[in-house]
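As a plain string of letters, each chain reads:
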Amino acid sequence: MAHGEQLTRYERGLEKMSEVYGVDVTEFIAPLGDLGRYMVEFPYADIYSRDGLAWRDREIATVAMLTALGGREPQLRVHLQAALNAGLTPADLEEIIIHTIIFAGFPTAINALNLLHETLSAQHGSQVR
C-alpha cells in the first residue's frame, strides 16, 4: 500500500484478524464470501481495533465467554491459540477457565480445560503447569 493511502474497513479487519490468529487468514476468509467479509469487518475492523482494551485483555474476555457459553469448541480452540499469541500463558488460561465455573458451571469448564490441554499438546507439546 502506498504511503498515505487509507485502509478500507475490510483491509483493516483482515490485518487485525491475521495479527490475532498469528497467520494470514486471507485464504480461509475468501471462500466464505459475504460471511467472511462480515467476520472480518465487524469483529476485527470495528471491535478488536478499538482503543480501550489491549489485545491480551480482549482474549481474556473472549476465552471466558466462549467457555461459559459452551458448544463453541472450534471457536474456543482458535481463541485459545490467539490468547497464547497475545502473551497469555497456559497457566493464565487455566485460571480463566476455572474462574468461569462460578458463573457457568463445571461442564463447560471441564470441556474448555480438556480443549486447552488438547490444543497445547497438538500445537506446542507442552502441558499446563
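(A) Summary view of the nonpolar core. Ranked by size, the top nonpolar core spans 15 residues in total, and within it Val63, Leu76, Leu80, Leu93 and Leu116 carry the most contacts. Looking at this core element by element, the count peaks at 5 residues for helix H7 (residues 106–123). Aside from chain neighbours lying at most four places away, what touches valine 63 is Leu76, His79, Leu80, Ala83, Leu93 and Ile96. Core analysis: the second largest hydrophobic core is formed by 10 residues, Leu14, Met17, Tyr44 and Ala82 among them.

(B) View of the side chain of histidine 79. Turning to its location among the elements, histidine 79 is positioned in helix H5 (residues 73–85). Since its relative accessible area comes to 7%, histidine 79 is described here as buried.

(C) Region of the structure containing the packing of aromatic side chains. Scanning the model with the defined rule gives 2 aromatic pairs in all. Plain terms: the ring middles of tyrosine 21 and tyrosine 44 are 5.8 Å apart, the flat faces sit at 65° to each other, and that makes the pair edge-to-face. Pair noted here: tyrosine 21 is in helix H1 (residues 9–21) and tyrosine 44 is in helix H3 (residues 33–47), with a separation of 23 residues, a long-range link. What makes tyrosine 21 buried here is its relative accessible area of 19%. Given the relative accessible area of 5%, tyrosine 44 is considered buried. Ring geometry for tyrosine 44 against tyrosine 48: centres 4.8 Å apart, planes inclined by 25°, an arrangement best described as stacked.

(D) Quick peek at a nonpolar patch on the surface. Side chains of Phe28, Leu32 and Leu35 sit close together on the surface and give an oily, nonpolar patch of about 290 Å² of accessible area. With respect to the helices, strands and loops of the structure, phenylalanine 28 is situated in helix H2 (residues 26–29). The exposure class assigned to phenylalanine 28 is exposed, which follows from its relative accessible area of 52%.

(E) Expanded view of the layout of surface pockets. Each pocket or cavity is described by its volume, and for the largest pocket that value is around 370 Å³. What lines the largest pocket is a set of 14 residues, among which Met17, Tyr21, Phe28, Met39 and Val78 lie closest to the centre. Taken together, the residues that form the lining of the largest pocket break down as 11 nonpolar, 2 polar and 1 charged. Lining the second largest pocket, in full, are Leu53, Arg58, Ala61, Thr62, Met65, Leu66, Leu69, Arg72, Gln75 and His79. Looking at the lining of the second largest pocket, the elements that each hand over two or more residues are helix H4 (55–69) and H5. The leading source of residues in the lining of the second largest pocket is H4, at 6 residues. Residue classes in the lining of the second largest pocket are distributed as 5 nonpolar, 3 polar and 2 charged.

(F) Fine view of the packing of H4 against helix H6 (residues 90–104). Packing of H4 against H6 leaves a shortest axis separation of 9 Å and a crossing angle of 45°. On the basis of their axis angle, the class for H4 and H6 is oblique. Every pair of crossing elements has a handedness; the one defined by H4 and H6 is right-handed. Residues Arg56, Ile60, Val63, Ala64, Thr67 and Ala68 of H4 pack against Asp92, Leu93, Ile96, Ile97, Thr100 and Ala104 of H6. Within the contact of H4 with H6, the residues separate by chemical class into 8 nonpolar, 2 polar and 2 charged.

About the thresholds
Residues numbered from 1 in each chain as written. Predicted model: local features only at pLDDT ≥ 70, side-chain atom pairs only at ≥ 80, totals over all residues. Heavy atoms only, no water. Core = buried A, V, L, I, M, F, W, Y, C linked by side-chain atoms within 4.5 Å. Buried < 20%, exposed > 50% of the residue type's maximum accessible area, 1.4 Å probe, protein only. Helix = DSSP H or I, 4+ residues; strand = E, 2+ residues; numbered from the N terminus. Contact = heavy atoms within 4.5 Å. Phe/Tyr/Trp six-rings, centres within 6.5 Å; stacked < 30°, edge-to-face > 60°. Patch = residues over 30% accessible without salt bridge, like charges linked within 9 Å, V, L, I, M, F, W, Y side chains within 5 Å. Areas by Shrake-Rupley, 256 points an atom, 1.4 Å probe, with all protein chains shown as cover. Salt bridge = Lys/Arg side-chain N within 4 Å of Asp/Glu carboxyl O. 1 Å grid on protein atoms, 1.4 Å probe; cavity = no way out; pocket = protein on both sides within 12 Å on 5 of 7 lines; lining within 4 Å. Points joined across faces, edges and corners; volume = space filled by probe spheres on them. Nonpolar A, V, L, I, M, F, W, Y, C, P; charged D, E, K, R; others polar. Axes fitted to C-alpha atoms, helices over the stretch in contact; angles between N-to-C directions. Parallel < 35°, antiparallel > 145°, perpendicular 65-115°, else oblique. Left-handed = near helix turned anticlockwise from the far one by under 90°.

Honestly, that's just the spatial picture; any functional story needs more than this.
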